[in-house]
Amino acid sequence: MKPLDRTRGVVEMAHGGGGRAMARLIESIFLTSFANPLLNQRNDQACFAVEKGRLAMTTDSYVIQPLFFPGGDIGALSVHGTVNDLAMAGAVPLHLSAGFILEEGLPLADLARLVDSMGQAARAAGVAIVTGDTKVVEKGKGDGVFITTTGIGIIPDGVAPSGERARPGDAILLSGTLGDHGVAVMSRRENLSFETAILSDCASLHGLVAAMVAVAPDLHVLRDPTRGGLAATLNEIAQQSGVGMELVETAIPVKAQVRAACELLGLDPLNVANEGKLVAIVAPKDAERVLAAMQAHPLGRDAARIGTVIEDADRFVVLKTGFGGTRMVDWLAGEQLPRIC
Amino acid sequence: MKYVDEFRDGALAQGLAGAIARAARPQRRYHFMEFCGGHTHAIFRYGLADLLPEGVRMIHGPGCPVCVLPMGRIDMAIQLAVQHGVTLCTYGDMLRVPGGKGVSLLTAKAQGADIRMVYSPADAVALAQAHPDRPVVFFAIGFETTTPPTALAIKQAAALGLANFSVFCNHVLTPSAIQNILESPEVRELGTVPLDGFIGPAHVSTVIGSRPYEFFAEEYRRPVVIAGFEPLDVMQAILMLVRQVNEDRFEVENEFARAVSRDGNAKAKALVAELFELRRSFEWRGLGRVPYSALAIKAAYGAFDAERRFALEPVSVPDHKACACGAILRGLKTPADCALFGTACTPETPIGSCMVSAEGACAAWYSYGRARGARGKPS
C-alpha cells in the first residue's frame, strides 16, 4: 500500500473502494481539514443532542466550474451556500454533512486545497462538518468534484422569516453589491477569460442575520439571491406572498467593474448570481433599524433600501430606471446567455 | 462607466423628454420604427415609453438577427451537428431558438451533438486549429455588423490552411429588409399603417455608413435618423424625427456621428465584398422571402462554405398560422393583439420570431413591458 502523494498523486478508483486506500484518503485529507470531536469518532453517523426549539434543515449540491475562482472555490462555496440557506430561515447553523463525488484523475493537491478551504470556511462560520461520504467515479463520468452538503440549525424563538410574509408597504433591503460572484466565476470560464479584480462575494451570512435579528426579530422575509440573481429572488417572493414590488434602480448597489463586465457580455446585474448577499423584507417601522444594523456589520457595509412591496394582483416586480422610466424585472427564460450585438 | 453613463443620464433624459413633448404637435400622431433589436432593447430596458408624449409611438422592427433567422436554417444547422457530426460553434443567443420540429441547438446538444457557444468566429477558428481531425463549422448569423468578423475568420482559416473549418453563412442585409417593409402594400397604401420615419441602425451603420439609407428617405419620403444604442441617443433621434416630420423633411440625419460616417468602414466593406456575394433571395422569419437580402460565400472561398461542403439541401418551415409576428414587425399589430402572446407563446416556449430572443419585440414586451400592458398603457 503506497502512501498518499499529496503533491503529485491523483484520485484513483481505489480511493472510493472502501479499503485501505480510502481510509488513507479520509485520514490524510478530510479528517485533518475538518477535525472536530463528532467526526473524529469515525462512526457512520454523528450523534448529538439539540436544545428544545425549531430546527431548520437544508441540502445543496455544488457542481461549479472552475473549481477555483477569484475569491473562493467549490469547497468554501459548499459551506457558505448551505450555511446561508439555514441563515435565511433565521437559524443559527449547527452542523453540516458533506458528500463528495470525486472523478478519477483529480489531482490530490486540488482536492486537499479545496477540502482545506472548506474546513476553514466551516471553522470561521462556527459550524462543524460532523459526517461525510466519499465516492469515486471513473474518469469522464464526473467534473473533477461534486460536493453535497446538508445542514441543520436552530431557529431562535420569535424569528420566522418566510417567503409568503411580504406585505404591501414593507421595505426591501439588500445587503450589498450585486453580481460579484457571477462575474468572478465567468471571468475564469473557458474561452471567456477577461481581466478583472472582482472577487466572488461568497461568505456565510448567519452573523449578519444575527445582527439584524438582534434589532428586529420579526424579519418578514430573508433570502439570498444566488442563481437567477436578485430578479429571480424577488419574483419568487412576489409570487409566494401575492404582492408586487417597486424597485429604484439608482439605489441598487453594483460595483463599477461588475457593471462594465455585464455591459460587455450583454448581461443584467439583476440576473447575475451572488453567494454572499441577502435580501430582507421588513415592516416599515423596522426598516431603518435593520438597515443600520446591516451597515454596521462587515458583510453589510454597502446595504441599501432598494424598494418597497406594493399591492399588485399581477405580482409584478417593477423597476424605476435611473433614466426616468419604468420596466418590469422578470425571471430569466432558461440560462443567461450573452447577446451577440 | 466613463463614456457610457453620460448617455444614460436621467436629468438629460428629462430635458429631452420636455423638448420632444414641446415639439410634438398635440393633434398629430407620430409612428416611428426602430429597426434594430439593440434600440428595442434600450427602449424597454430604460423604460423610454414613459418619457414620450401620448402621440409618439414606437414600432419595433425586424432588426434582431436571431429573430429573423427562419426555422429551416436552424434545422440545417442541427443537421450539420447531428447527421454530419461536425463541431458546431455558435453565438450564445442562437442556442435556445427552436427549429421546425421544436428542437433547439441546446436540445440537440443535450442529446449528444457537439455544439459549442463561442464569443467570436475567431474562437471557432482556434478550435479548428486545435483539433485538425474534427470538422468545425461556425454558424454565422447577423446583419452587417457581424459579417466582417466572419469574413476575417475565413481569411484567417485560408491563411492557416485549415481544411477542417467552414462557415454556415446566414448573414443578412439591413437595407433590403427596410425596403421590404416600405414596399409592403399596407405601408405603401397611405393611411393603412402609419410609418412616419425610422431610427436607423447603430452598429450596422458603423460598417455600411449612412449613405445606403439616402435612397429610402428620398424614394419613400420617410426620414431616417441613425442613432446609437444608448437611451439618450434614442431620445435625441426621436426628437430629430419629430422635427423632420413637422417640417415635412425626409432626410438621413446622423445622431450617432461619434461612430458613423457617410461611407462607413471602407476596409470592412472591401473585405465583405471580397468574400461574399448576394443571394438572389433569402427567407426571413416573419417577413417571408426577401429578394437580394442575404449573403453567400463566393465560389473562390467555396472550400469554407459549409452549405457546399456538406451539400446541404435548403429546408423551409412555415411560421405558425396564428402567429402575428409578420404583422408586428411591420407595425400592423402590437404583441398584445396576438392570440398566442403570453399564453402559448412565451420566452420559455417561443412560437414566433419576435419571442425567440430578448431583443425581439414580443420578448421585450413580455419581459420588460407586461406590467404596462396590465395597466393599460401602450408599450
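Residues numbered from 1 in each chain as written. Chains lettered and ligands numbered in written order. Predicted model: local features only at pLDDT ≥ 70, side-chain atom pairs only at ≥ 80, totals over all residues. Heavy atoms only, no water.

Some points on the packing of aromatic side chains
All names here are of chain B.
Thinking step 1. According to the stated counting rule, one finds 13 aromatic pairs over all chains in the structure shown.
Thinking step 2. Taking 5.4 Å as the distance between ring centres and 25° as the angle between the ring planes, the aromatic pair formed by phenylalanine 139 and phenylalanine 168 counts as stacked. Remark: phenylalanine 168 occurs in strand S6 (residues 165-171) and phenylalanine 139 occurs in strand S5 (residues 136-142); sequence separation between them is 29 residues. For the pair phenylalanine 139 and phenylalanine 168, a shared accessibility class is recorded, and that class is buried.
Thinking step 3. With a centroid separation of 5.9 Å and an interplanar angle of 50°, the aromatic rings of phenylalanine 143 and tryptophan 284 are classed as tilted. (Phe/Tyr/Trp six-rings, centres within 6.5 Å; stacked < 30°, edge-to-face > 60°. Helix = DSSP H or I, 4+ residues; strand = E, 2+ residues; numbered from the N terminus. Buried < 20%, exposed > 50% of the residue type's maximum accessible area, 1.4 Å probe, protein only.)

Points about empty space enclosed by the protein
In this approach the atoms are scanned with a rolling probe the size of a water molecule, which exposes any empty space left behind.
Residues and elements named next belong to chain B.
Thinking step 1. Enumeration over the complete set of coordinates arrives at 4 cavities of 30 Å³ or more.
Thinking step 2. Quantified by volume, the second largest cavity comes out at close to 60 Å³.
Thinking step 3. Contributing to the lining of the second largest cavity are Cys323, Cys325, Ile328, Cys338, Leu340, Phe341, Cys345, Gly352, Met355 and Cys362. (1 Å grid on protein atoms, 1.4 Å probe; cavity = no way out; pocket = protein on both sides within 12 Å on 5 of 7 lines; lining within 4 Å. Points joined across faces, edges and corners; volume = space filled by probe spheres on them.)

A word on the sheet that holds strand S5 (residues 128-137) of chain A
All names here are of chain A.
Thinking step 1. With respect to topology, 4 strands assemble into an open sheet ordered S1-S6-S4-S5, the strand pairing being mixed. Looking at strand neighbours, the two that pair on one side only are strand S1 (54-62) and S5, the edges of this open sheet. Strand-to-strand twist in this sheet, taken as the mean axis angle between neighbours without regard to direction, amounts to 10°.
Thinking step 2. Pairing geometry for S1 and strand S6 (residues 145-155), over 9 bridges, is antiparallel. Bridge pairing links aspartate 60 to threonine 149 in S6. (Pairing = 2+ DSSP bridges. Axes fitted to C-alpha atoms, helices over the stretch in contact; angles between N-to-C directions.)

Digging into the pattern of salt bridges
Thinking step 1. Per the stated rule, a full pass over the model turns up 30 salt bridges over all chains.
Thinking step 2. Between aspartate 268 of chain A and arginine 45 of chain B there is a salt bridge, with its nearest N and O atoms 3.9 Å apart. On the criterion of chain membership, the pair formed by aspartate 268 of chain A in the loop between helix H8 (256-265) and strand S10 (279-282) and arginine 45 of chain B in helix H2 (residues 37-45) is interchain, its members lying in two chains. Pair check on accessibility: aspartate 268 of chain A and arginine 45 of chain B agree, each one buried.
Thinking step 3. Here the salt bridges do not stand alone but share partners, grouping Glu247, Arg249, Glu251 and Glu253 of chain B into one network. (Salt bridge = Lys/Arg side-chain N within 4 Å of Asp/Glu carboxyl O.)

Quick notes on the environment of arginine 123 of chain A
Residue and element names in this part refer to chain A.
Thinking step 1. In this fold, arginine 123 is placed in helix H4 (residues 108-125).
Thinking step 2. Expressed as a C-alpha distance, the spacing of arginine 123 and methionine 212, which sit 89 residues apart in the sequence, is 22 Å.
Thinking step 3. At 3.0 Å, the side chain of arginine 123 and the backbone oxygen of serine 33 are in polar contact. (Polar contact = N/O pair within 3.5 Å; in protein donor to acceptor, adjacent residues only side chain to side chain.)

So, the sheet that holds strand S7 (residues 171-174) of chain A
Residue and element names in this part refer to chain A.
Thinking step 1. As summarised here, the arrangement of the 7 strands in space is S8-S10-S7-S11-S9-S12-S13, forming an open sheet in which the pairing is mixed. Unpaired on one side and paired on the other, strand S8 (221-223) and strand S13 (326-328) mark the two borders of the sheet. Across the sheet, the mean angle separating the axes of adjacent strands is 25° when strand polarity is ignored.
Thinking step 2. Examined bridge by bridge, S7 and strand S11 (residues 304-310) share 4 bridges and lie antiparallel to one another. In the sheet register, leucine 174 faces S11, and the bridge partner there is alanine 304.
Thinking step 3. Each of S7, S10 and S11 is contacted by helix H9 (residues 284-296), which is oriented at about 10° to S7, the strand it contacts most. (Contact = heavy atoms within 4.5 Å.)

Remarks on the packing of helix H6 (residues 121-130) of chain B against helix H7 (residues 147-160) of chain B
All names here are of chain B.
Thinking step 1. At a closest axis distance of 8 Å, the pairing of H6 and H7 adopts a crossing angle of 20°. Judged by the inter-axis angle, H6 sits roughly parallel to H7. Pair H6 / H7 crosses with right-handed handedness. Contacts between H6 and H7 pair Pro121, Val125 and Gln129 from the former with Pro149, Thr150, Ala153, Gln156 and Leu160 from the latter.
Thinking step 2. Of the residues contributing to the contact of H6 with H7, the split by class is 5 nonpolar, 3 polar and no charged. (Parallel < 35°, antiparallel > 145°, perpendicular 65-115°, else oblique. Left-handed = near helix turned anticlockwise from the far one by under 90°. Nonpolar A, V, L, I, M, F, W, Y, C, P; charged D, E, K, R; others polar.)

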